[in-house]
Amino acid sequence: MTKIRSKRLSYVLGVVGGAAVLVLGAGTNAFAASGSASGTGVSASASWSWSGCCTINNISQSVSDTKGDSHAVYAFIRVYTGLNPDGDDIANLRNDQGYNSTVTRSGRYWEASSNISGVRVIACVDDAGSDTCYKGSYIDNPNT
């Protein structure tokens, strides 16, 4: 009889403990995420933290020139919101240092005036005329 009660007690505590973790986890709304994009001549990556529905914190980025063609490269994050479903381009990072170089930056944030539905990293080569850009995968905001 004692064994059954202790098993039952463990099960009840496990459920209560699990529910407490879910409640606490849901209240924090801070999730880390990352994305990347690359193509001929350019490679870019970014990481950030989602903070609630409308803010991206701790943005860290890098963009690398991967082709010796005398074209600068740049990267940015496209943020899709309820007010602008086509996206706002933020955190532009340019690399003019030439082939086989990487430029990094960290510590930026961006706050939207409406829900951020998701973002994607975009990497571009600064060509004559229209630039050649490569889109990374869409990263969904887990808070919306």
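Because the structure is predicted, anything quoted here is derived from the model rather than measured.

Reading guide: rules and limits
Residues numbered from 1 in each chain as written. Predicted model: local features only at pLDDT ≥ 70, side-chain atom pairs only at ≥ 80, totals over all residues. Heavy atoms only, no water. Pairing = 2+ DSSP bridges. Helix = DSSP H or I, 4+ residues; strand = E, 2+ residues; numbered from the N terminus. Axes fitted to C-alpha atoms, helices over the stretch in contact; angles between N-to-C directions. Salt bridge = Lys/Arg side-chain N within 4 Å of Asp/Glu carboxyl O. 1 Å grid on protein atoms, 1.4 Å probe; cavity = no way out; pocket = protein on both sides within 12 Å on 5 of 7 lines; lining within 4 Å. Points joined across faces, edges and corners; volume = space filled by probe spheres on them. Nonpolar A, V, L, I, M, F, W, Y, C, P; charged D, E, K, R; others polar. pLDDT = per-residue confidence, 0-100. Contact = heavy atoms within 4.5 Å.

Asks: Before we move on, could you go through the sheet that holds strand E6 (residues 101–111) and cite the residues and values that matter?
Replies: Here we have four strands laid out as an open sheet, ordered E1-E2-E3-E6, and antiparallel in their pairing. Bordering the open sheet on either side are strand E1 (30–39) and E6, each of which pairs with just one other strand. On average, each strand axis in the sheet is tilted by 15° relative to the strand beside it, whichever way the strands run.

Asks: Help me get a handle on the pairing of strand E8 (residues 132–135), residues and values and all.
Replies: Two strands pair when backbone bridges link them, and strand E7 (residues 116–125) and E8 are joined in this way by four bridges, in the antiparallel orientation. Its bridge partner being in E8, Ile122 is matched across the sheet by Lys135. Between E7 and E8, which pair antiparallel and follow one another directly, the connecting turn spans six residues, one of which, Gly129, has a positive phi of 80°.

Asks: I'd like a description of the pattern of salt bridges, backed by residues and values.
Replies: Summed over all chains, the structure comprises three salt bridges. The residue Asp89 makes a salt bridge to Arg78 at a minimum N-O spacing of 2.7 Å. Remark: Arg78 occurs in strand E4 (residues 73–81) and Asp89 occurs in strand E5 (residues 88–95); sequence separation between them is eleven residues. A network of salt bridges, in which partner residues are shared, links Arg94, Asp96 and Asp126.

Asks: Any chance you could break down empty space enclosed by the protein for me, citing the residues and the numbers?
Replies: According to the stated counting rule, one finds one cavity of 30 Å³ or more in the structure shown. In this structure, the largest cavity occupies an estimated 30 Å³ of space. Taken together, Ser45, Ala46, Gln61, Ser62, Ala75, Phe76, Ile77, Leu93 and Val121 form the lining of the largest cavity. Listing elements by their share of the lining of the largest cavity, those giving two or more residues are strand E2 (42–51), strand E3 (55–65) and E4. Grouping the amino acids of the lining of the largest cavity by side-chain chemistry returns six nonpolar, three polar and no charged.

Asks: Got a sec to walk through the confidence of the model for the protein? Specific residues and values, please.
Replies: Mean pLDDT over the protein stands at 84; residues scoring 70 or higher make up 80%. Note on residues 1–28: pLDDT under 50 across the span, and zero contacts to partners over four residues away in sequence or across chains.

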